[in-house]
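Spelled out, the chains give:
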Amino acid sequence: MKRTRVLVLLHPEQVPPDSIKGYSEQDILAFKTGYDIVNTLRKARHEVRVLGVQHELRPIRAEIDSFQPDIVFNLLEEFHGEPAYDQNVASYLELIRIPYTGCNPRGLMLSRGKDLSKKLLHYHRIPVPAFAVFPMRKKIQRPARLPFPLIIKSLSEDASLGIAQKSIVDTDDKLQERVTFIHEKIGTAAIAEQYIDGRELYVGVIGNDRMRVLPIWELYFGDAASKIATAKVKFDVKYQEERGILQGPATDLAPEVYKRIQNLTRRICRTLELDGYARVDFRLSAEGIPYFLEANPNPEIARHEVFAEAAAFDGMTYSEMIRRIVALGIQRSRTKAR
């Protein structure tokens, strides 16, 4: 790729320092993605600027006007503190006709709503857990068709926000308590899903029209108290070390199950209109049924996270992966301009 001007957009708290010297492993979690991407692009001799954005679109336009980037590397996962608003930033970039990395606005919209994505995929005969949504300020009453056990989550937040051991419930009283917690502490509607006791699998995809499905990755829970991806399991480095929590290639999957999960991943990405790069999360039941949990457009792509490690396992270096993501953004822009 020729020398490219890249504007990196991310949350102000995720703007990386010039050096990680003196930071603990836990501290680095906040900015590691931006740090890895910025340094990789600069080592490839691209011209890079970083802009922290949270409440105003005006700084984006001002930086684009002054820097004249060839592409925006979009790492924004929220705007005004709302994850659902990330699609509006992508829409803004579309409107001012600047190429950007990652998923298009429609794909962001279809996949961010946990209930909407599940309804669409269920219609297309893709296995999804039974679920019910509990809006805020409405009576909490479990539908008779929804048996226990259930797992209670925020309908719109990601990064396992609000998920803990108490998220798995087996009585109506516990359901009421946990849904109320989501409403009051997280401030969103809640979704109650059929709890699938099984293996936690992640599948990365990179591409626009032609998708490359990466090797299936697994979250190994070790001695964790609950076999679910709580915020502590995902992000607490000390807890991970103490409990032996690891992530790596999924082993001992029957060839037909492996192939089915990869095919389901392609169907899911097409149904939800995902492009750029994405990760699809599954729960594999004891009966060998892969249940769709959620789709993650623009997932975490730090060097030592699931997506990048699966890409490396598939023979793609980190610098090649970043180059490919940038190229896909430019390619999409050129296709639309025809």
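Conventions adopted
- Residues numbered from 1 in each chain as written.
- Predicted model: local features only at pLDDT ≥ 70, side-chain atom pairs only at ≥ 80, totals over all residues.
- Heavy atoms only, no water.
- Phe/Tyr/Trp six-rings, centres within 6.5 Å; stacked < 30°, edge-to-face > 60°.
- Helix = DSSP H or I, 4+ residues; strand = E, 2+ residues; numbered from the N terminus.
- Buried < 20%, exposed > 50% of the residue type's maximum accessible area, 1.4 Å probe, protein only.
- Lys NZ or Arg CZ within 6 Å of the ring centre and 35° of its normal.
- 1 Å grid on protein atoms, 1.4 Å probe; cavity = no way out; pocket = protein on both sides within 12 Å on 5 of 7 lines; lining within 4 Å.
- Points joined across faces, edges and corners; volume = space filled by probe spheres on them.
- Contact = heavy atoms within 4.5 Å.
- Salt bridge = Lys/Arg side-chain N within 4 Å of Asp/Glu carboxyl O.
- Pairing = 2+ DSSP bridges.
- Axes fitted to C-alpha atoms, helices over the stretch in contact; angles between N-to-C directions.
- Core = buried A, V, L, I, M, F, W, Y, C linked by side-chain atoms within 4.5 Å.

Trainee: Quick one: what's the story with the packing of aromatic side chains, residue by residue and with numbers?
Mentor: All told, the structure shown has 3 aromatic pairs when counted by the stated rule. On the numbers, 5.6 Å between centres and 70° between planes, the contact of Trp217 with Phe313 is edge-to-face. Of this pair, Trp217 sits in strand E10 (residues 217–220) while Phe313 is found in helix H11 (residues 306–313), placing the two residues 96 residues apart along the sequence. Under the relative-accessibility criterion, Trp217 is labelled buried at 4%. When its relative accessible area of 55% is taken as the criterion, Phe313 is described as exposed. A cation over an aromatic ring shows up here: Arg279 above the ring of Tyr202, its NZ or CZ 5.0 Å from the ring centre.

Trainee: Provide a residue-level description of the environment of Glu56, including the pertinent values.
Mentor: As for its position among the elements, Glu56 is in the loop between strand E2 (47–52) and helix H3 (58–67). Between the alpha carbons of Glu56 and His80 there is a distance of 8.4 Å; along the sequence they are 24 residues apart.

Trainee: Give me the layout of surface pockets: which residues, what numbers.
Mentor: If a probe as big as a water molecule is rolled over the atoms, it shows which places are left empty. For the second largest pocket, the calculated volume is near 360 Å³. Along its surface, the second largest pocket is lined by 16 residues, and Asn208, Asp209, Arg210, Asp275 and Gln331 are the ones closest to its centre. Listed by contribution, the elements that provide at least two residues to the lining of the second largest pocket are helix H10 (255–271) and helix H12 (318–337). In terms of residues, the lining of the second largest pocket owes the most to one element, H12, which gives 6 residues.

Trainee: Could you give an account of the side chain of Thr33, naming the residues involved and the relevant values?
Mentor: Tracing the chain through its elements places Thr33 in helix H2 (residues 32–43). Accessibility expressed as a relative area gives 15% for Thr33, which makes it buried. With residues near it in sequence (within four places) discarded, Thr33 still touches Leu75, Glu300, Ile301 and Ala302.

Trainee: I'd like to hear about the pattern of salt bridges, residue by residue, with values.
Mentor: Enumeration according to the criterion identifies 16 salt bridges in this entry. When the shortest N-O distance is used, the salt bridge between Arg49 and Glu63 registers 3.0 Å. One end of the pair, Arg49, is in strand E2; the other, Glu63, is in helix H3, and 14 residues separate them in sequence. Its salt-bridge partner being Asp281, residue Arg279 comes within 2.8 Å of it at the nearest N-O pair.

Trainee: Residues and numbers for the sheet that holds strand E1 (residues 5–10), please.
Mentor: Here 3 strands make up an open sheet; going across it, the order is E2-E1-E3 and the pairing parallel. Each end of this open sheet is capped by a strand with a single partner; those strands are E2 and strand E3 (71–74). If you compare each strand with its neighbour and ignore which way they point, the axes differ by 25° on average. Bridge count between E1 and E2: 6 bridges; the pairing is parallel.

Trainee: Explain helix H4 (residues 86–95) to me, using residue names and the numbers behind them.
Mentor: All of the buried residues in H4 are Asp86, Gln87, Val89, Ala90, Tyr92 and Leu93. Phi turns positive, to about 60°, at Arg97, one or two residues after H4.

Trainee: Please provide a residue-by-residue account of the sheet that holds strand E7 (residues 190–194), values included.
Mentor: Here 4 strands make up an open sheet; going across it, the order is E4-E7-E5-E6 and the pairing antiparallel. Single-partner strands in this sheet number two, and they are strand E4 (131–134) and strand E6 (168–169). In this structure, E4 lies alongside E7, joined through 4 bridges in antiparallel fashion. Opposite Ala132, over in E7, you have Ala192 as the bridge partner. Along the sheet, helix H6 (residues 114–123) makes contact with E4, strand E5 (150–154) and E7, crossing E4 at roughly 150°.

Trainee: Tell me about the nonpolar core, and please be specific about residues and values.
Mentor: General note: in soluble globular proteins, nonpolar side chains tend to be found buried as a group. Formed by 43 residues in total, the largest nonpolar core has its most connected members in Leu9, Ile60, Val72, Leu201, Ile268, Phe282 and Phe292. Residue assignment for this core shows that the elements contributing at least two residues are E1, H3, H4, helix H5 (105–112), strand E8 (198–207), H10, strand E12 (276–285) and strand E13 (290–297). If you tally residues by element for this core, the top one is H10, at 5 residues. Those residues in contact with Ile268, other than ones at most four positions away along the chain, are Leu121, Ile126, Val280, Phe282 and Phe292. Core analysis: the second largest hydrophobic core is formed by 36 residues, Phe307, Ala310, Ala311 and Ile322 among them.

Note that every value here comes from positions in space, so none of it alone points to a role or purpose.
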